[in-house]
Amino acid sequence: MRAAVVREPGLEAVVELVEVPTPQPGRGSVRIKVAAASVNPVDLMVRRGVGGTPFAAPRAQWGIGWDVAGTIDAVGADVTEFEPGQQVIGISDRLDVSLAAQADYVVLEAGNVAPAPTTVNSVAAATIPLNGLTALQALAAIGAQPTESLLITGAAGAVGGFAVELAAAAGIRVIAAAAAADEQAVRALGATDFIPRESSLPDAVRELIPGGVDTALDAAALGPRTLAAVRAGGRFVSISVPATPIPLRGTKVTTVLVHADRAQLDDLVAAVDTGKLTLRVADTYPLDAVAAAQQRLAAGGIRGRLVLVP
């Protein structure tokens, strides 16, 4: 089968499409025939490594891709909840693997997989797991209540857009920060207030809410600039380790790193099927154009996800 891999992570590394043996599902795992796999910023990070160096001890190759939608092709021992032919979505949430989701087939633990939504196609469904779980887990860490205000930066992005919609559905006042051109789209997701990213974020927030917001989800990785918009004693969640600021003024600062969660995947699928979660696909590429897709993602300015279709 074909798989997208990086052989030598680094600042000048490239992603390659190579032929490898089809993996076999072990105990507690399933094999998925990939119908679609989205391209995410973490793929660029895996390719480049941290500071240009690999994440772990050297290996022959690192697999690329976290999101997948497809069909169960085979099941390992002790798997009872899935069967061949079932449509599913899943997340490959480990950095240090030889093969990942951008391939013809991927093997995942059963807990990383959920039945696919029935109201959208595989291309759209592939945009759910990574960004949807990140948004859900970040909102859970924040714990914002309907009586509180929530600032979400990067509100037009994949994680930020999901977070805006999920928080607004919970009755929370959402102050969304994004490019001025994205205001209409972000308000359509449920944002109560909008702040153009071209403005001074802390000052603009305090014009709306004297003293600052109760809580913030920093999906744009602005770090101290977002924290400065939070009231003293408020709560701040980052989804980027390098952009996590020092907890000044008695704030509670938390970093959320996404992990697989079957129950949460089920919740996201239900939200899609009931029309409560909007999926956005920017474009599709064939699997053999994975390098071009990464290049386009790195250039920025994309609204929605790029999706590879084997």
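Preceding this paragraph is the structure being described.
What you see is a predicted model; the values in this text were computed from it and never measured.

Q: How should the environment of Val269 be read in this particular structure?
A: Checked against the element boundaries, Val269 lands in helix α8 (residues 262-273). Separated by 141 residues in sequence, Val269 and Ile128 have C-alpha atoms that sit 8.0 Å apart. In contact with Val269, not counting residues within four places along its chain, are Ile89, Pro115, Ala116 and Pro117.

Q: Explanation requested: empty space enclosed by the protein in the structure shown.
A: The gaps of empty space that remain are located by a probe, the size of a water molecule, rolled over the atoms. A complete count under the given rule lists 1 cavity of 30 Å³ or more for this structure. A volume near 60 Å³ is recorded for the largest cavity. Forming the boundary of the largest cavity are Thr127, Asn131, Ala158, Phe162, Thr278, Leu279, Arg280, Gly304 and Arg305. Looking at the lining of the largest cavity residue by residue, the class counts come to 3 nonpolar, 4 polar and 2 charged.

Q: Teacher, can you tell me more about the environment of Ala243 here?
A: Within the fold, Ala243 resides in the loop between β13 (230-238) and β14 (252-255). Considered as a pair, Ala243 and Gly223 are 20 residues apart in the sequence and their alpha carbons are 4.8 Å apart. If we skip the residues at most four places from it in the chain, Ala243 touches Asp218, Ala221, Gly223 and Ser238.

Q: Sorry, what's going on with the layout of surface pockets here?
A: Each pocket or cavity is described by its volume, and for the largest pocket that value is around 1,600 Å³. Forming the boundary of the largest pocket are 50 residues, of which Pro41, Val42, Ala219, Ile239 and Ser240 lie nearest the centre. Within the residue set of the lining of the largest pocket, elements represented by two or more residues are α1 (41-48), α3 (129-142), α4 (158-169), β10 (173-178), β11 (193-196) and α9 (290-299). For the lining of the largest pocket, the element with the most residues is α1, which contributes 5 residues. Residue lining of the second largest pocket: 15 residues in total, with Ser92, Arg94, Val97, Val107 and Leu108 positioned closest to the centre. Of all the elements, strand β7 (residues 105-109) adds the most residues to the lining of the second largest pocket, at 5 residues. Residue classes in the lining of the second largest pocket are distributed as 9 nonpolar, 3 polar and 3 charged.

Q: Hey, could you run me through the pairing of strand β6 (residues 87-91) in this one?
A: Remember that side chains alternate between the two faces of the sheet whenever the strand is regular. Where burial is concerned, most of β6 is hidden: 4 out of the 5 residues are buried. Pairing of strand β5 (residues 67-75) with β6 involves 5 bridges; the strand directions are antiparallel. Residue pairing for β6: Gly70 is matched across the bridge by Val88. The sheet contact formed by β6 and strand β8 (residues 113-115) spans 3 bridges and is antiparallel. Paired with Gly90 across the bridge in β8 is Val113.

Cut-offs applied
Residues numbered from 1 in each chain as written. Predicted model: local features only at pLDDT ≥ 70, side-chain atom pairs only at ≥ 80, totals over all residues. Heavy atoms only, no water. Helix = DSSP H or I, 4+ residues; strand = E, 2+ residues; numbered from the N terminus. Contact = heavy atoms within 4.5 Å. 1 Å grid on protein atoms, 1.4 Å probe; cavity = no way out; pocket = protein on both sides within 12 Å on 5 of 7 lines; lining within 4 Å. Points joined across faces, edges and corners; volume = space filled by probe spheres on them. Nonpolar A, V, L, I, M, F, W, Y, C, P; charged D, E, K, R; others polar. Buried < 20%, exposed > 50% of the residue type's maximum accessible area, 1.4 Å probe, protein only. Pairing = 2+ DSSP bridges.

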